[in-house]
Amino acid sequence: MFCPDVYAEASSELFSGPKTHSSDRAMDLGLAEDHFSRPVGSFVASDIEQLKLAIEECKKLILELPEHSERQKDTVVKLIHLRLKLQELKDPEEDEPYLRIILEHRFSKEKSKSVKQTCDKCSTIIWGLIQTWYTCTGCYYRCHSKCMNQITKPCVRSKVSHQSEYELSICPEVGLDRQDYRCAECRTPISLRGVPSEARQCDYTGQYYCSTCHWNDTAIIPARVIHNWEFEPRKVCRSSMRYLTLMLPRPVLKLKEINPLLFNFVEELVEIRKLRHDILLMKPYFITCKEAMEARLLLQLQDRQHFVENDDMYSLQDLIDISTGRLSCSLTEIHTTFAKHIKLDCERCQAKGFVCELCKEGDILFPFDSHTSLCHECSAVFHRDCYYDNSTTCPRCARMTDRQQDEVEEEK
C-alpha cells in the first residue's frame, strides 16, 4: 500500500498548481495532457474502460516505486487526474436543467466550484470542479445531480409551512425494535453494534438513523429548553437539523401554556415579558403619530415582528438570546428609544398622557411607566399606590356609566 501522506501531498500540489521544477517529469508521465478537456463527440464505454485500466496501472506503479520518491509523487498526481477524468465521464453536466422540483424540493443548479460541500444523499464530497450539484432553495438540501432521483425525503420547508410546531417531549424514544431495526428515514438495516450499519439516535425525534441520515450534527432541543431551561446542543439527524434551523425564528412557543412555572425560576423571562408588554402599550402612540411613522420606529423590531403583535409567543431564537443576555440588552435599548420619543421628543404623544384622577398630583402619566396601574375596563392610568389604596371605582368608568344612564333616560 502507498502512504496516504504522499497522496495528500500530491493532491495539495495538484489543486494549488504545479511547481515549475517538476515540468520535465510531468512531460515524461504524460501529465501535460489536459485531462479536464472534453474532446469533440461523446464518450463511449471503451473510453471509460481505458481510464479504469490506466488507473489500475498507476496504482500498481505507485506500490512498486520507492516510498516518498519524486516519481511516486508524480504518479499519484497522474492517478488523481485520471480519477477526476473518470468521474467527469460518469457525471456529465451538459443538458442539466437549472431548476428541478422533486418531492416539494425546489433545486437550483449551483455555480460554486467549492470542493468542501457534502452530498446529503450519499454523504460523499461534491467535487464542484467537475460535478453538477443542486441546492434546495427551501431547506438547503445539497446533492449531486446523479443522486437526485434517489431522494425519498420531502422538503422540510413544506413541513414548516403546514405544521409549525415542535416535538415537546424530551427525546421520545420508542426503541429499535419498534423501528424493525431499520433507519427511521431510509429504512437501511441498523444496530447498536454497528453491524451492518451503526444506529445513531436523534435527540429531537428519539428515533434511530443510519450514518448516512445522521451525521452527528448538534442542535439545541426545544423540549429541553422549555422544560429544563437547558441549552446544551445535542446530536440530531440531518432532517431534524434542517427542520430546527428553519423553525428557529418562528414564534410558535406559548410559554404560559406549555410551562408557566418557568417564569418563577427564570428572572430574565419576567424582565422580557415586562418589556414586551410595555412595547405593546407604546404601539398605539406610534401608529397614530406622523413623526413616529416617518421615523419608522417600529421597524427596529422587524426581526422580531411578533413583539409588536403579542407578548406571549416566543421563538426558540428568542429563548436562546434571553439565556445569553443578548435580547435583554437590545430590547432595553429599543424600549428606551420608544419611551424617549413619547415622553420627551414628540409633543403630540405627550398630549396623550394621563393625569391621576385619584390624587390629581404629580407628572403626566403613561401606561408603560413602572409606577402606574391601568384600569382594565377603560385603560385610564393612575399612580399605582393611588389605584390600589382607593377602594372606590375608577372615576372615568363612573363618568361613562352615568353618561350612559342619562342617555337611556333621555330616550325614554
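Everything numeric here is computed off the predicted structure, so don't read it as measured data. (Residues numbered from 1 in each chain as written. Predicted model: local features only at pLDDT ≥ 70, side-chain atom pairs only at ≥ 80, totals over all residues. Heavy atoms only, no water.)

A. Here's a closer look at the pairing of strand S3 (residues 133-136). Residues Trp-133 and Thr-135 line one face of S3 and the alternating positions Tyr-134 and Cys-136 line the opposite face, and both faces are buried. The pairing of strand S2 (residues 105-109) with S3 spans three bridges and is antiparallel. Looking across to S3, one finds that Phe-107 is bridged to Cys-136. The pairing of S3 with strand S4 (residues 142-144) spans three bridges and is classified as antiparallel. Bridge pairing links Trp-133 to His-144 in S4. Adjacent in sequence and paired antiparallel, S3 and S4 are bridged by five residues, among which Tyr-140 carries a positive phi angle near 65°. (Buried < 20%, exposed > 50% of the residue type's maximum accessible area, 1.4 Å probe, protein only. Helix = DSSP H or I, 4+ residues; strand = E, 2+ residues; numbered from the N terminus. Pairing = 2+ DSSP bridges.)

B. How the structure looks around the packing of aromatic side chains. Under the counting rule described, the total for this entry stands at seven aromatic pairs. Judged by centre distance (4.9 Å) and plane angle (85°), the ring pair of Trp-229 and Phe-231 falls under edge-to-face. Given the relative accessible area of 19%, Phe-231 is considered buried. When the centroid spacing of 5.7 Å and the interplanar angle of 25° are considered together, the rings of Phe-366 and Phe-368 count as stacked. Overall, the relative accessible area of 3% leaves Phe-366 in the buried class. Three or more aromatic residues joined by ring pairs form one cluster here, namely Tyr-285, Phe-366 and Phe-368. (Phe/Tyr/Trp six-rings, centres within 6.5 Å; stacked < 30°, edge-to-face > 60°.)

C. Quick look at the nonpolar core. Core analysis: the biggest nonpolar cluster contains 73 residues, and Phe-107, Leu-255, Leu-269 and Leu-319 have the highest contact counts within it. Broken down by element, the residue count for this core peaks at eight residues, all from helix H10 (residues 267-287). With residues up to four places along the chain from it excluded, the contact list for Leu-255 reads Ile-226, Pro-260, Leu-262, Phe-263, Leu-269, Asp-312, Tyr-314 and Leu-319. If you look at the next biggest cluster of nonpolar residues, it comprises eleven residues, including Cys-58, Ile-62, Leu-82 and Leu-86. (Core = buried A, V, L, I, M, F, W, Y, C linked by side-chain atoms within 4.5 Å. Contact = heavy atoms within 4.5 Å.)

D. Representation of unusual backbone geometry within the structure. Within the chain, Asn-216 stands out as a residue other than glycine whose phi angle is a positive 65°. Structurally, Asn-216 is set in the loop between strand S6 (208-209) and strand S7 (217-219). Here Asn-216 falls in the partly exposed class, since its relative accessible area comes to 33%. Even without glycine at this site, Lys-360 takes up a positive phi of about 55°. Within the secondary structure, Lys-360 is located in the loop between helix H14 (347-350) and strand S11 (372-374). With a relative accessible area of 63%, Lys-360 lands in the exposed category.

E. Quick look at the sheet that holds S3. Ordered by their spatial adjacency, four strands build an open sheet running S1-S2-S3-S4, and the pairing between neighbours is antiparallel. With one partner strand each, in any of the chains shown, strand S1 (99-102) and S4 form the two edges of the open sheet. Direction aside, neighbouring strands of the sheet carry axes that sit 30° apart on average. (Axes fitted to C-alpha atoms, helices over the stretch in contact; angles between N-to-C directions.)

F. How the structure looks around the pattern of salt bridges. Counting across every chain of the model gives 20 salt bridges. The salt bridge involving Glu-257 is made with Lys-254; its shortest N-O contact spans 3.4 Å. Residue class for Lys-254 comes out partly exposed when judged on its relative accessible area of 26%. For Arg-304, the salt bridge is made with Asp-318, and the minimal N-O distance between the two is 2.4 Å. With Arg-304 in the loop between helix H11 (290-295) and strand S10 (313-314) and Asp-318 in helix H12 (residues 316-324), this residue pair connects regions lying 14 residues apart in the sequence. With respect to class, Arg-304 is no different from Asp-318; both count as buried. A single salt-bridge network, built from bridges that share partners, covers Asp-203, Arg-224, Glu-230, Glu-232 and Arg-234. (Salt bridge = Lys/Arg side-chain N within 4 Å of Asp/Glu carboxyl O.)

G. Region of interest: the side chain of Ser-191. Along the polypeptide, Ser-191 turns up in the loop between helix H5 (156-162) and strand S5 (200-201). Setting aside residues up to four positions removed in sequence, Ser-191 forms contacts with Leu-176, Pro-196, Ser-197, Glu-198 and Ala-199.

H. Quick peek at the confidence of the model for the chain. Looking at the chain, the pLDDT average stands at 82 and 84% of residues meet or exceed 70. Confidence drops under pLDDT 50 across residues 6-45; counting only partners more than four residues distant or on other chains, this segment forms 56 contacts. (pLDDT = per-residue confidence, 0-100.)

I. Looking closely at the packing of H10 against helix H13 (residues 326-345). In the contact formed by H10 and H13, the axes pass within 10 Å of each other and the chain directions differ by 30°. Here H10 is positioned roughly parallel relative to H13, judged by the angle of their axes. Our pair here, H10 against H13, has a crossing hand that is left-handed. Of the residues in H13, those in contact with Glu-271, Ile-272, Leu-275, Arg-276, Asp-278, Ile-279, Met-282, Tyr-285 and Phe-286 of H10 are Leu-327, Ser-328, Leu-331, Thr-332, His-335, Phe-338, Ala-339, His-341 and Ile-342. For the contact of H10 with H13, a count of residues per class yields eleven nonpolar, four polar and three charged. (Parallel < 35°, antiparallel > 145°, perpendicular 65-115°, else oblique. Left-handed = near helix turned anticlockwise from the far one by under 90°. Nonpolar A, V, L, I, M, F, W, Y, C, P; charged D, E, K, R; others polar.)

J. Fine view of the environment of Phe-338. Structurally, the position occupied by Phe-338 is in helix H13. In this structure, Phe-338 is in contact with Ile-279, Met-282, Phe-286, Leu-297, Leu-298, Gln-300 and Leu-301, ignoring residues within four places of it in sequence.

K. How the structure looks around the environment of Tyr-181. Topologically, Tyr-181 is positioned in the loop between H5 and S5. When its relative accessible area of 46% is taken as the criterion, Tyr-181 is described as partly exposed. When the C-alpha atoms of Tyr-181 and Tyr-209 are compared, they prove to be 9.6 Å apart, with 28 residues separating the residues in sequence. Those residues in contact with Tyr-181 that sit more than four places away from it in its chain are Leu-176, Thr-188, Pro-189 and Ile-190.

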